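Architecture and fold: a report
Take a look at the letters that make up each chain.
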Amino acid sequence: MPRTLPVSSRFRRIYEQLSGADLAVSEGTELSLEDLALDDPHASRVDLLFGTYSPQGLERALRAYGLLQRVEERVGPLELRLRVDDPYRPRILLWSRCFYAPVADLCLRKTVGAEVGLTDALAQAPLLYVDSLLLQNPGRPFDWNRPPLPGQTHPGLALSGQLLELLHLMARRVGAEGLALIPATFAAAAVYERRFLFVDGAAQGRFLALKAAGQERPRWLLAWAVELGCMRDAEGRSVPFIPTPMLAPLSRRMIQHFGSRTWEAALQAGAPPRFSLDEETLQQRFPWERMPPGPPPGRVAELLGYDPLAPVTSQASLGATGP
């Protein structure tokens, strides 16, 4: 079973220090113990996110973990915006007051294991599901140290690891046995793999084989190779990335799913002996028009067949051919 990173000890301590009252009470509002339902551990208030978080309580938690402060260091003042027509399907936005754009945008909901392909006893296990997740720095341009990944409009915030830790703890707080999502791209899956595994063992094996094929190349370049249909199997056929559910297990029985003989057998079956990167096709399809100005680093320039004397438009046109 591939290993995933545990939540940091610092975040676990903060999690234990934050009480239900800290997360539920609104500013300037006096609530009785009956209102807070603290006398009943199984009760929840229907006006709170997942029966747990008030808007002020959520902001208090984000500051306790230090996430808001780290985002503000990068983009300046923030505003926390919540859309909670249904408190069990909230949308959480961190809005930049400097750039008038979201820097974080999350849509969450509760579901059960059957939705992500779990069966038998796990089919009804409660999960926290991430419908969509955006992290971006609208005030920073791309450069060759951090070129754009497929699907990116702006560079990221370099905070995905911390945010995933907080979502992990939020799932535990609201009684979920796992945190689930579907990565839109191979690049996204490569970020999530630190804490998530594919529910289908065969999908995990295929993903690991794609990663292995690009071990000596920058992660962003491998992401483009997969996106542009440049990965080949032993017969020379294109190998696409197929988005399927990933899960960060929280309960013992969820963890056992990824250690089962069935999942391990599917993992081995899904991992072929070798995938390879078709460099010629990558050169033909590479989206130069989306890249930062100036020449790429030497090894990348060699791999992509970059000609510093060629007109920019001729190299940009290489990106016009689809996969």
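Scroll up to find the structure this text is about.
A short tour of the structure in this document, coming up. (Residues numbered from 1 in each chain as written. Predicted model: local features only at pLDDT ≥ 70, side-chain atom pairs only at ≥ 80, totals over all residues. Heavy atoms only, no water.)

**Quick word on the overall build of the protein**
Helix and strand counts for the protein come out as 14 helices and 9 strands. The buried share of the protein, taken over its 323 residues, is 48%. Residue pairs at least 24 apart in sequence account for 67% of intrachain contacts in the protein once pairs closer than 6 positions are excluded. (Helix = DSSP H or I, 4+ residues; strand = E, 2+ residues; numbered from the N terminus. Buried < 20%, exposed > 50% of the residue type's maximum accessible area, 1.4 Å probe, protein only. Contact = heavy atoms within 4.5 Å.)

**A word on the nonpolar core**
Judged by nonpolar contacts, the single largest core of 79 residues is most densely connected at Tyr 65, Val 71, Leu 167, Trp 220, Met 231, Leu 282 and Phe 286. Not counting the four nearest positions on each side in its chain, Leu 282 is found in contact with Leu 221, Ala 225, Leu 228, Cys 230, Leu 277 and Leu 304. Residues Leu 127, Leu 197, Leu 247 and Phe 258 belong to the second largest nonpolar core, which totals 14 residues. (Core = buried A, V, L, I, M, F, W, Y, C linked by side-chain atoms within 4.5 Å.)

**What about the pattern of salt bridges?**
Taken as a whole and judged by the stated rule, the model has 13 salt bridges. For Asp 105, the salt bridge identified is with Arg 91, shortest N-O distance 2.6 Å. Of this pair, Asp 105 sits in strand β3 (residues 101-112) while Arg 91 is found in strand β2 (residues 91-96), placing the two residues 14 residues apart along the sequence. On the basis of relative accessible area, Asp 105 is assigned to the buried category, the value being 10%. The exposure class assigned to Arg 91 is partly exposed, which follows from its relative accessible area of 27%. We note a salt bridge from Asp 278 to Arg 232, for which the minimum N-O separation is 3.5 Å. Of this pair, Asp 278 sits in the loop between β9 (276-277) and α12 (279-285) while Arg 232 sits in strand β7 (residues 231-232); the two residues are 46 residues apart in sequence, bridging distant segments of the chain. (Salt bridge = Lys/Arg side-chain N within 4 Å of Asp/Glu carboxyl O.)

**Remarks on the sheet that holds strand β1 (residues 78-83)**
Strands sit in the order β1-β2-β3-β4-β5-β8-β6 across an open sheet of 7 strands; the sheet is mixed. Only two strands of the sheet have a single partner each, and these edge strands are β1 and β6 (197-198). Where β1 meets β2, 6 bridges bridge the pair, whose relative direction is antiparallel. Within β2, the residue paired with Leu 80 across the bridge is Leu 94. (Pairing = 2+ DSSP bridges.)

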